[in-house]
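Examination of the molecular architecture
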Amino acid sequence: MRARRAVAALVGTVLLVAGCDAAGVRDEPGARHEPAPLRPRWVAGALPVPAGGPGRVLVRDVVACGGRWYAVGAVADSGGATRPAFWASADGRSWAARPVRAESFYGAQNVLSAVGCRGAAVAALGAKSGGAHGNPRVSTWRQPADGGLVEVPAEFEVFGGPRAVDVARIAGGPPGWLITGGRVAGAAVWASAPDAAAFTLLEGAPELAGDARGRTFGRDAVAVGESWLVAGALLPPGGTGFLPLVWTSPDGRAWRRSVLPVAGRSAGVTGADEPVAAGGGSAERVALAAGEPVVLGRLGEEFVLWRRAAGQWRLAGGFGVAVGSPAAAGGSGVRSVAGFAAESSSLVAAVGAGAERSGWWSGDAGGSWRRLALPVPVSSGGDAAVAVAQADGVLVVALDDGRSSGVWSVRVADLAR
């Protein structure tokens, strides 16, 4: 009898363990078990050093416009001095430097940090710290007939001055160009006509700027038809957690604010007391997928995606970076979106969480996500950077690991296999 009981107990234990393994048992409370990362066969492309002397290439952003690919950044010489740089490619693999013409002392030292599209044309943002207080000296750049970039002169206080906070991203569309960022009053935008020849600052605008409901922050923008959509966040008075926001405008001057849904709640909440996950939430990047805006941001420890359908926003999925994962190990816990791009149902994100930045890909419009191994490891700090872009079924990743920069590409169809 004892022998039979012992055998039964042993069999039960084996079955229990087997069942747990089949179901993906968690090793400890809260631990995540992610699917194996996608490891595509990245095709490397080189960014040549532009004319002007030797140095290290710094790549900061990449975009696809009108059937061509563009990357921006700078070249740093052995003494740390920088000059702006711009590259173009017909296929995302073979790259050539394009001419860059500065019009100011600080423009000649700019590091170009963001580039946007308006049809086949591009415009860019750059900056270089300088002056008595070491503040960023921001410049915008437009594309002349030769296909390069030329600096657009502007008075210092258009982007700087005592009310300046930051200048974040640039976007193009039928209305022209829009830059997002912040001033002391809260979220702000800079608008330009289609020629990108001059930007006008709009600060303190009702609904866009901060008010009694809290301080606002603008992160990114996209043109949706003839209108603009800006993504950002609100910090309520005395609050420790942000609320994710979007703003819409038909003309870049009059703005309407909406709080994105959190914890499964419905959109359209305008109060500052909306409950949010621990650590708050923020809408950080926005793109168009099949003509509709999609927003990537954070809720607590998770990265989440919001989609708009029939005029309503909803949470559409997301992903987390496990505390014990290599991407989060040894880091400060700060989480941010470094890059985001969409084409049809293919979405790609580069995020920072802890010590390293990681790539993520969704083939079903954000319903499910899978880690995407980057071509080389990239840290979350220092001079490191990651940018992503998609077009014509090709995904391009531009990255700087703090020692060298490069671009890599892969066909999206290869990720879906």
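Conventions used here
Residues numbered from 1 in each chain as written. Predicted model: local features only at pLDDT ≥ 70, side-chain atom pairs only at ≥ 80, totals over all residues. Heavy atoms only, no water. Pairing = 2+ DSSP bridges. Helix = DSSP H or I, 4+ residues; strand = E, 2+ residues; numbered from the N terminus. Axes fitted to C-alpha atoms, helices over the stretch in contact; angles between N-to-C directions. Disulfide = S-S within 2.5 Å. Buried < 20%, exposed > 50% of the residue type's maximum accessible area, 1.4 Å probe, protein only. Core = buried A, V, L, I, M, F, W, Y, C linked by side-chain atoms within 4.5 Å. Contact = heavy atoms within 4.5 Å. Polar contact = N/O pair within 3.5 Å; in protein donor to acceptor, adjacent residues only side chain to side chain. Phe/Tyr/Trp six-rings, centres within 6.5 Å; stacked < 30°, edge-to-face > 60°. pLDDT = per-residue confidence, 0-100.

Pairing between sheet strands relies on hydrogen bonds along the backbone, with the strands arranged either parallel or antiparallel. As summarised here, the arrangement of the four strands in space is S1-S30-S29-S28, forming an open sheet in which the pairing is antiparallel. Looking at the sheet topology across the chains shown, the edges are occupied by strand S1 (43-45) and strand S28 (385-391). Adjacent strand axes in the sheet meet at a mean angle of 25° when their direction is disregarded. In this structure, S28 lies alongside strand S29 (residues 394-400), joined through seven bridges in antiparallel fashion. Across the sheet, the residue bridging to Ala-387 is Ala-398, located in S29.

Moving on, we come to the state of the cysteines. One covalent bond between the sulfur atoms of two cysteine residues makes up a disulfide. Applying the stated criterion across every chain yields a total of one disulfide. The residue that forms a disulfide with Cys-65 is Cys-117, at a sulfur-sulfur distance of 1.6 Å. Disulfide Cys-65 to Cys-117: torsion about the S-S bond roughly -80°, handedness left-handed. Of this pair, Cys-65 sits in strand S2 (residues 56-65) while Cys-117 sits in strand S7 (residues 111-118), placing them 52 residues apart in sequence. The pair Cys-65 / Cys-117 is uniform in exposure class, with both members buried.

Let's shift gears to unusual backbone geometry. Backbone geometry places Ala-196, a non-glycine residue, at a positive phi of 55°. On the basis of relative accessible area, Ala-196 is assigned to the buried category, the value being 3%. One non-glycine residue, Glu-207, lies in the positive phi region at around 75°. With respect to the helices and strands, Glu-207 occurs in the loop between strand S14 (200-202) and strand S15 (215-224). On the basis of relative accessibility, which here comes to 28%, the residue Glu-207 falls in the partly exposed class.

Below, the discussion takes up the nonpolar core. Most often, soluble globular proteins have nonpolar side chains that are buried together. In this structure, Leu-372, Leu-395 and Val-397 are the most contacted members of the largest nonpolar core, which totals 20 residues. Of all the secondary-structure elements, those providing two or more residues to this core are strand S23 (335-343), strand S24 (346-353), S28, S29, strand S30 (405-411) and helix H3 (412-415). In terms of residue count, S29 provides more of this core than any other element does, three residues in total. In contact with Val-397, not counting residues within four places along its chain, are Trp-42, Leu-374, Pro-375, Val-386, Ala-387, Val-388, Gly-406, Val-407 and Trp-408.

Moving on to the side chain of Ser-358. Mapped onto the secondary structure, Ser-358 falls in strand S25 (residues 356-362). Separated by 3.0 Å, the side chains of Ser-358 and Trp-360 make a polar contact.

Turning our eyes to something else, we now look at the environment of Arg-60. With respect to the helices, strands and loops of the structure, Arg-60 is situated in strand S2. For the pair formed by Arg-60 and Ala-384, sequence separation is 324 residues and the distance between their alpha carbons is 8.8 Å. Those residues within four positions of Arg-60 in sequence are excluded, and the remaining contacts are Val-72, Gly-73, Val-111, Leu-112, Ser-113, Asp-383, Ala-385, Ala-387 and Asp-400. In this structure the side chain of Arg-60 is engaged in a polar contact, spanning 3.0 Å, whose partner is the side chain of Asp-400.

Going through the model one piece at a time under the given rule, you end up with seven aromatic pairs. When the ring of Tyr-70 is compared with that of Phe-86, the centres are 5.6 Å apart and the planes differ by 10°; the resulting orientation is stacked. You can see Tyr-70 sitting in strand S3 (residues 68-76) and its partner Phe-86 sitting in strand S4 (residues 82-89), a full 16 residues away along the chain. Here the aromatic cluster, defined as three or more aromatic residues joined through ring pairs, consists of Phe-303, Phe-319, Trp-360 and Trp-369.

Moving on: the pairing of strand S9 (residues 135-142). By the bridge criterion, eight bridges tie strand S8 (residues 121-130) to S9 in an arrangement that is antiparallel. Paired with Gly-130 across the bridge in S9 is Asn-135. Hairpin connection of S9 to strand S10 (residues 149-152): six residues between the antiparallel strands, including Gly-147 at a positive phi of 85°.

Further remarks concern the pairing of S25. Taken across its seven residues, S25 has six buried, putting it largely inside the fold. When S24 meets S25, the two strands line up antiparallel, connected through seven bridges. Across the sheet, residue Val-351 finds its bridge partner in S25, namely Ser-358. Remark: two residues form the turn of the hairpin made by S24 and S25, two consecutive strands paired antiparallel; Gly-354 in that turn has positive phi of roughly 80°. Pairing between S25 and strand S27 (residues 378-379): two bridges, direction antiparallel.

This brings us to the confidence of the model for the chain. Per-residue confidence for the chain gives a mean pLDDT of 86; residues scoring 70 or more make up 83%. Counting contacts from residues 1-32, a segment whose pLDDT is below 50, to residues more than four positions away or on other chains yields eight contacts.

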